[in-house]
Amino acid sequence: MNWRSIRTIYTKELRDLLRDKRTVRSMIVIPLIVMPALTFGVGKIATMVVSKARAETPSVMVLGGADSPDVITQLKKEAKINLVPEAADWAQQISDKKLRVAVRLPEKFEAGLKAGAAPTVTIYHYEGELKSGFAVGEMEKFFRGLSAQTAKERLAEHGLPATLVQPFETKRENVAPPEKVGGNTLGGILPYMIIILCFMGAVYPALDMTAGEKERGTMETLLCSPVNRVDIVLGKFLMVLTGSLSAMALSLLSMSVSFFLLGSMFGGRAAAVAGAAATSAPLPMIDPLGIFGVLAMVLPVAVLFSAVIFTVALFAKSFKEAQSYVQPMVFVIIMPAIIGMLPGIDLNARLALVPILNLSLVCKEMLSGVWHWNYIAIIFGSTCVYAGVALALAVRMFNREDVIFRT
Amino acid sequence: MIEAVNLTKIFRDKKRGEIFATKDVSFRVVPGEIYGLLGANGAGKTSTLRVLATLLAPSSGSAVIAGHDIVRAPEKVRAHVGFLAASTALYGRLTAREMITYFGRLNGMADAAIRARIKLLADELDMHEFLDRRCEKFSTGMKQKTSIARTLIHDPAVMIFDEPTLGLDVMTARAIVRFVRDCRARGKTVIYSTHVMSEVEKLCDRVGIIHDGRLCAEGTVGDLLTRTGETDLEEAFVKLAGIKEAA
Ligand SMILES: Nc1ncnc2c1ncn2[C@@H]1O[C@H](COP(=O)(O)OP(=O)(O)O)[C@@H](O)[C@H]1O
Ligand SMILES: [Mg+2]
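From a predicted model like this one, the values you see are computed outputs, not experimental measurements. Counting restarts for each chain: residues are numbered from 1 in the order of the written sequence. Lettering of chains starts at A and numbering of ligands starts at 1, both following the order in which they are written. Thresholds applied to this predicted model are a pLDDT of at least 70 for local features of residues and 80 or more for the giving and counting of side-chain atom pairs; totals over whole chains, interfaces and linings are not thresholded and use all residues. Water and hydrogen atoms were dropped before computing side-chain values, which therefore reflect all heavy atoms in the structure.

Caption draft 1: Structural context of a nonpolar patch on the surface. A contiguous nonpolar patch, built from Val29, Ile30, Leu32, Ile33, Val34, Leu38 and Val42 of chain A and spanning about 560 Å² of accessible area, is present on the exposed surface. Each helix is a run of DSSP H or I of at least 4 residues and each strand a run of E of at least 2, with the numbering of both proceeding from the N terminus. The topology assignment puts Leu32 of chain A in helix 2 (residues 21-55). Like charges within 9 Å and nonpolar side chains (Val, Leu, Ile, Met, Phe, Trp, Tyr) within 5 Å are joined into patches, using only residues over 30% in relative accessible area that form no salt bridge. In this description, accessible areas are obtained by the Shrake-Rupley approach with a 1.4 Å probe, and a residue is regarded as covered only by the protein chains that are shown. Should a side-chain nitrogen of Lys or Arg be within 4 Å of a carboxyl oxygen of Asp or Glu, the pair is scored as a salt bridge.

Caption draft 2: Inspection of the sheet that holds strand 6 (residues 81-85) of chain B at higher detail. All names here are of chain B. With mixed pairing, the six strands of this open sheet are ordered in space as 6-7-8-3-9-10. Two strands lie at the open edges of the sheet, namely strand 6 and strand 10 (214-219), each paired on one side alone. Each neighbouring strand pair of the sheet contributes to a mean axis angle of 15°, computed without reference to strand direction. Both strand 6 and strand 7 (residues 158-162) contribute to a ladder of five bridges, which runs parallel. Counterpart to Leu84 in the pairing with strand 7 is Phe161. Any pair of residues with heavy atoms lying within 4.5 Å of one another is described as a contacting pair. Fitted lines through C-alpha atoms serve as axes, helices being fitted only where they are in contact, and the angles separating the N-to-C directions of these axes extend from 0 to 180 degrees. Along the sheet face, helix 1 (residues 45-52) touches strand 3 (34-38), strand 6, strand 7, strand 8 (189-194) and strand 9 (206-211) and points at about 155° away from the line of strand 7. Think of it this way: DSSP has to see at least two bridges between two strands before they count as a pair.

Caption draft 3: Spotlight on helix 6 (residues 170-185) of chain B. Residues and elements named next belong to chain B. Helix span is expected to be 1.5 Å times the residue number reduced by one. With 16 residues, helix 6 extends 23 Å from end C-alpha to end C-alpha; this agrees with the ideal 22 Å at 1.5 Å per step. The buried label applies to any residue whose accessible area, calculated with a 1.4 Å probe on protein chains only, is under 20% of its type's maximum; exposed applies above 50%, and partly exposed to all values in between. Taken together, the buried positions of helix 6 are occupied by Thr172, Ala173, Ile176, Val177, Phe179, Val180 and Cys183. All buried residues of helix 6 lie within an arc of 160° about the axis, which places them on one face of the element. Residues of helix 6 that are exposed and point more than 90 degrees away from the buried face comprise Val170, Met171, Arg178 and Ala185. Against strand 3, helix 5 (140-152), strand 7, strand 8 and helix 7 (197-203) lie the buried residues of helix 6. In the stretch just after helix 6, Gly187 is the one whose phi turns positive, near 80°. By definition, the arc is the one covered by directions from the helix axis to the C-beta atoms.

Caption draft 4: How the structure looks around the packing of helix 13 (residues 319-341) of chain A against helix 14 (residues 357-367) of chain A. Residues and elements named next belong to chain A. Where helix 13 meets helix 14, the axes come as close as 8 Å, and the angle between the chain directions of the two elements is 30°. In this view, helix 13 runs roughly parallel relative to helix 14, as classed from their interaxial angle. With respect to the hand of their crossing, helix 13 and helix 14 are arranged in right-handed fashion. Residues Pro336, Ala337, Ile339, Gly340 and Met341 of helix 13 touch helix 14, and the partners they reach there are Leu357, Ser360, Leu361 and Lys364. Tallied by class, residues from the contact of helix 13 with helix 14 come to six nonpolar, two polar and one charged. Comment on the angle field: the value is read as roughly parallel under 35 degrees, roughly antiparallel over 145, roughly perpendicular from 65 to 115, and oblique elsewhere. Left-handed describes a crossing in which the near helix is turned anticlockwise from the far one by less than a right angle; the clockwise case is right-handed. Following the grouping adopted for this structure description, the nonpolar residues are Ala, Val, Leu, Ile, Met, Phe, Trp, Tyr, Cys and Pro, the charged ones are Asp, Glu, Lys and Arg, and the polar ones are all others, Gly among them.

Caption draft 5: Expanded view of the sheet that holds strand 1 (residues 59-63) of chain A. Residue and element names in this part refer to chain A. Taking strand neighbours across the sheet as the criterion, the four strands line up as 2-1-3-4 in an open arrangement whose pairing is mixed. What marks the edges here is a single partner per strand, and that holds for strand 2 (82-84) and strand 4 (122-124). Averaged over all adjacent pairs, the angle separating strand axes in this sheet is 30°, with direction ignored. When strand 1 meets strand 2, the two strands line up parallel, connected through three bridges. Across the sheet, Val60 pairs through a bridge with Leu83, a residue of strand 2. Sheet strands in contact with helix 6 (residues 130-157) are strand 1, strand 3 (101-104) and strand 4, and its direction is about 30° off that of strand 3.

Caption draft 6: Spotlight on helix 5 of chain B. The end-to-end C-alpha distance of helix 5 of chain B, which contains 13 residues, comes to 18 Å, matching closely the 18 Å that a straight helix rising 1.5 Å per residue would cover. Helix 5 of chain B sits mainly inside the fold: ten of its 13 residues count as buried. The complete set of buried residues in helix 5 of chain B reads Gly141, Met142, Gln144, Thr146, Ser147, Ile148, Ala149, Arg150, Thr151 and Leu152 of chain B. On the buried face of helix 5 of chain B, the contacting elements are helix 9 (218-223) of chain A together with strand 6, helix 3 (96-106), helix 4 (111-125), strand 7 and helix 6 of chain B.

Caption draft 7: The arrangement of the packing of helix 1 (residues 3-18) of chain A against helix 3 of chain B in detail. It is the contact of helix 1 of chain A with helix 3 of chain B, at a shortest axis distance of 9 Å, that shows an interaxial angle of 160°. Of the possible angle classes, the one that applies to helix 1 of chain A and helix 3 of chain B is roughly antiparallel. When the axes of helix 1 of chain A and helix 3 of chain B are compared, the crossing they make is left-handed. Residues Arg4, Thr8, Ile9, Lys12 and Arg15 of chain A of helix 1 of chain A form the contact with helix 3 of chain B, whose participating residues are Glu98, Tyr102, Arg105 and Leu106 of chain B.

Caption draft 8: Molecular detail of the site of ligand 1. Surveying the vicinity of ligand 1 reveals 13 residues, the closest of which are Arg16, Gly42, Lys45, Thr46 and Ser47 of chain B. Throughout, the term near means that a residue has one or more heavy atoms lying within 4 Å of the molecule or strand in question. More than one chain approaches ligand 1, the contributing ones being chains A and B. Residue Gly44 of chain B places a main-chain N or O atom 3.0 Å away from an oxygen atom belonging to ligand 1. For ligand 1, the accessible surface in isolation is 560 Å², of which the surrounding protein chains cover 77%. The pocket and cavity definitions rest on a 1 Å grid over protein atoms only: a 1.4 Å probe that fits but cannot leave marks a cavity, an open set with protein on both sides within 12 Å along at least five of seven lines marks a pocket, and residues lining either have an atom within 4 Å of a point. Being in a pocket or cavity means that more than half of the molecule's atoms lie within 2 Å of its grid points. More than half of the atoms belonging to ligand 1 lie within 2 Å of the grid points that define the largest pocket. For the shell around ligand 1, the secondary-structure elements that each account for two or more residues are strand 2 (17-29) and helix 1 of chain B. Per-element tally for the shell around ligand 1: the top contributor is helix 1 of chain B, with three residues. Along the lines of polarity and charge, the residues of the shell around ligand 1 split into six nonpolar, five polar and two charged. What qualifies as a polar contact is a pair of N or O atoms within 3.5 Å, subject to a donor-acceptor requirement within protein and to the restriction that residues adjacent in sequence count only when both atoms come from side chains.

Caption draft 9: Focus on unusual backbone geometry. For Lys97 of chain A, which is not glycine, the phi dihedral falls at a positive 65°. With respect to the element layout, Lys97 of chain A can be found in the loop between helix 4 (90-95) and strand 3. For Asn6 of chain B, which is not glycine, the phi dihedral falls at a positive 50°. With a relative accessible area of 38%, Asn6 of chain B lands in the partly exposed category.

Caption draft 10: Fine view of the interface of chain A and chain B. With 26 residues of chain A at the contact, the number on the chain B side is 30 residues. A buried area of about 2,700 Å², summed over both sides, lies between chain A and chain B, and 52% of it is on carbon and sulfur atoms. As a working definition, buried area equals the accessible area (1.4 Å probe) given up by two parts on being put together, with both sides summed. Interface area lost by chain A to chain B is led by Arg19, Glu220 and Pro226 of chain A, which between them contribute 23%. Applying the counting criterion to the chain A and chain B interface returns seven salt bridges. Asp16 of chain A is paired through a salt bridge with Arg93 of chain B; the nearest N and O atoms lie 2.8 Å apart. Between the two partners, chain A and chain B, sit 18 residue pairs in polar contact (both at pLDDT 80 or more). Put simply, the parts of the chain that give the side of chain A that touches chain B at least two residues each are helix 1, helix 8 (211-216) and helix 9 of chain A. When residues of the side of chain A that touches chain B are assigned to their parent elements, the largest contribution, seven residues, is made by helix 1 of chain A. Looking at the side of chain A that touches chain B residue by residue, the classes come out as eight nonpolar, six polar and twelve charged.

Caption draft 11: Main features of the environment of Leu357 of chain A. Residues and elements named next belong to chain A. Tracing the backbone through its elements, the reader meets Leu357 in helix 14. For Leu357, a relative accessible area of 7% gives the class buried. Each C-alpha atom, one on Leu357 and one on Met335, is 8.5 Å from the other, the two residues being 22 residues apart in sequence. Apart from residues no more than four positions distant in its own chain, Leu357 is found in contact with Pro336, Ile339, Gly340 and Leu351.

Caption draft 12: Up close: the packing of aromatic side chains. Each pair of aromatic rings taken from Phe, Tyr and Trp, with Trp reduced to its six-membered ring, is defined by centres within 6.5 Å and is described as stacked if the planes are under 30 degrees apart, edge-to-face if over 60, and tilted in the remaining cases. Taken as a whole, this structure holds twelve aromatic pairs over all chains when the rule is applied. Ring geometry for Trp90 of chain A versus Tyr124 of chain A: centroids 4.6 Å apart, planes at 40°, classification tilted. Taken together, the residues span a long stretch of sequence, with Trp90 of chain A in helix 4 and Tyr124 of chain A in strand 4 at a distance of 34 residues. Note on Phe315 of chain A and Tyr325 of chain A: the rings are 6.4 Å apart at their centroids and 40° apart in plane angle, and the pair reads as tilted. Taken together, the residues span a long stretch of sequence, with Phe315 of chain A in helix 12 (residues 288-315) and Tyr325 of chain A in helix 13 at a distance of ten residues. Its relative accessible area of 30% is what places Tyr325 of chain A among the partly exposed residues. In textbook terms, an aromatic cluster arises when at least three aromatic residues are bridged by ring pairs, as seen for Tyr91, Tyr102 and Phe103 of chain B. In this scheme, Lys NZ or Arg CZ marks a charge over a ring once it lies within 6 Å of the ring centre and within 35 degrees of the ring normal. Geometry around Phe20 of chain B places Lys23 of chain B over its ring, the cationic atom sitting 4.7 Å from the centre.

The structure is reproduced here in C-alpha cells:
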C-alpha cells in the first residue's frame, strides 16, 4: 500500500467526478434539495389529508328507526354528522364512498330500551377507509353516550346511584420522555432514509469509476501505470465512500436546517407540541447523542455498500449493464430497512447479525436514548467484518483479468 | 531491452474453450531497434503486448523488460514501459495537462519534474495551444498527441505500441510513425504491432510474423522477402504465416 498513490487516485477521481453533472446531481443536489423536500412534502400532504378528512362532516344513513323518533331527533341534532335519507343501495353507496357509514336500528329500538331489553345497533362501514373510520368513531361515541344515558335512567328508576355501573374511571397519561416518543416515531424513518441515501450516494461514483471507465477505455490506460492494483482499488473505493457519506451528510444537514427553520417559524408552539405528543408534531424530539450514535453505526454500513456496489459494477462492461445489476439491489436494501421500521420488531442477538436490519433496529433504540452496548458492539463488529470481506472481494475482483478485460 | 521466452497466453472461454492467444513466443528487441509484430486480426498481437506490459499475466513462459521480470516485478516493468494502444483512452473530463500530470504522479514523479517534462513534451509535440483544454473536445490528432505525452511522461526505456494508427487519418498516422522513429533515435527499445504491411516496411528494423498465436517467422523485411522469393511483403506474409487461401 502506497498512500501517495492512493491519494493521487482519490484526488483525480474527486476532480473528475465533480466535473460531471450527473454526479453532482446524485451526490449533492438530490440529497440537499430533493430528499428534504420529499420528506416534508409527503409529511405535509399526509397531515393535510388527515385534517381535511377530520374536518369533513361524514354522511350517515339510518336504516330502520321509524319507530324510534327520539333517537333520530338526537342524531339530527348531532353537528358532527350529516344525516341522509334511507336508500336501498346503502351498501353500494358505502363502497362508492358516497356514504361513510350506515347504522341499523333494530325494530322497536326505543321501546326496547324503555322495557329494559338489550338490542344491538349495527354500524356498517368501509374497513380501512380513513373517512369511514372517522364516521364510525363519531357513531360509536354517540351510541356510547346513549347507552350511558339509558343506564343512568334505568338506575334512577330503581333509585340506585350512577356509580353502581361505573365504579371507577380510567384515564391515560404519557410518561415516556418526549425524546423516547420522538425516537420511536422518527427512529423508524430516519435510519431508513440514511440507509437509502448511503446507497444512492455510492451508486453513481461507483458505476462511473468502474464500468464507466471500462466503457470509455480509460481503465486500460490506468492499468498501464506502475501503481499497485490494490492502491487503485483503495483510491477509487475511498471516492465511492465519499459519495455515499456526503449524500447522507448533506441531506441530514439540509433536513436539520429545514427542521430548525420550521421550528423557529412555529415559534414556541412547536416546542410545546413537541414536548406534549409527537404524533402530529412537526418537531419530534430525539436524543441528540443518538444522532452521533447513528452516524458512527452508519460508517461500516456505508463501507459495506460502497464495496459491494463497486464490486458488482466492476463486473459490468458498460454503465448501462452496471445499472441493471445495481437497480435490483435497491430492493435488497429497502426490505430489511422497512422491516426494521415495523412496530414490535425488537433487537435480539440473532437479528443483531443481520446487516441493514440491525442498523435500522439499533438506530431506533439509540434515538430514543436506549443504549444496549452489547448489541451495539455486535452490530458494529459484524458490520465491520462484512464490510472488510466486501472490500477484499473488490480487490480480488479487480485483480481478475476476465473481469477487467471482459469482452 | 525486451527478452521474451516461450511466452504463452491462454484464455478460457465458455463457448470456444481454451484459446491460445499467444503460444510459445520468444524474441528479443534491443535498445535503438524497432521490432514489428505483423499479424492479421485475432493473430494474438494485443494479447502478446498486454502480457509484456503486465496488463495480463502470462499462462506460462516469461519475459524480462528493462531488466525486470514481468511475473515477479510487474510494477517495476510498468515503470519502465510506455504503452500506447488504440484502446488506451484519455479521461475526457480532465485537461491534457491534468491527464499527463496524473500519470506523472502515478509514476512517482515530483510535481516540479512533471512540470518541466510537460513543458518539454508540449514543445516537441506542439501541444501548448490545447494543453489546458478538456480531452473530450479534442480532435483525434490532439488526443493522440496527449496520449503520446502520457506514455512519455516518465521517459520509459521501452515503448510498446499496439496498432497505434488504427482508425486515424493519414496525417495523424504519419505523425505517429515519425514519433516512433524518434523513439528509436533516442535509443529506446520499441515494439510495434500492426496489420499494415507498408508501416512495417517504413518503420521496422526487424519483423516477427504472428499467426494463430505463434511466431511463424522473424527477420528484416529483406530477409523475409528473400526467404520466400517474393518481391511483395504481403505475399511473403501469407506464405510465412502458412495461410491457405480459398481459391
Ligand atoms: N479477454 C479475452 N477473452 C477471451 N478471448 C480473448 C480475449 N482477448 C483476446 N481473445 C482471443 O485471443 C485471440 C487473439 O486476440 P488478440 O490478441 O486481440 O489479437 P490481435 O490483437 O492480433 O487482433 C483472438 O482469438 C481473441 O478472440
Ligand atoms: Mg489487437
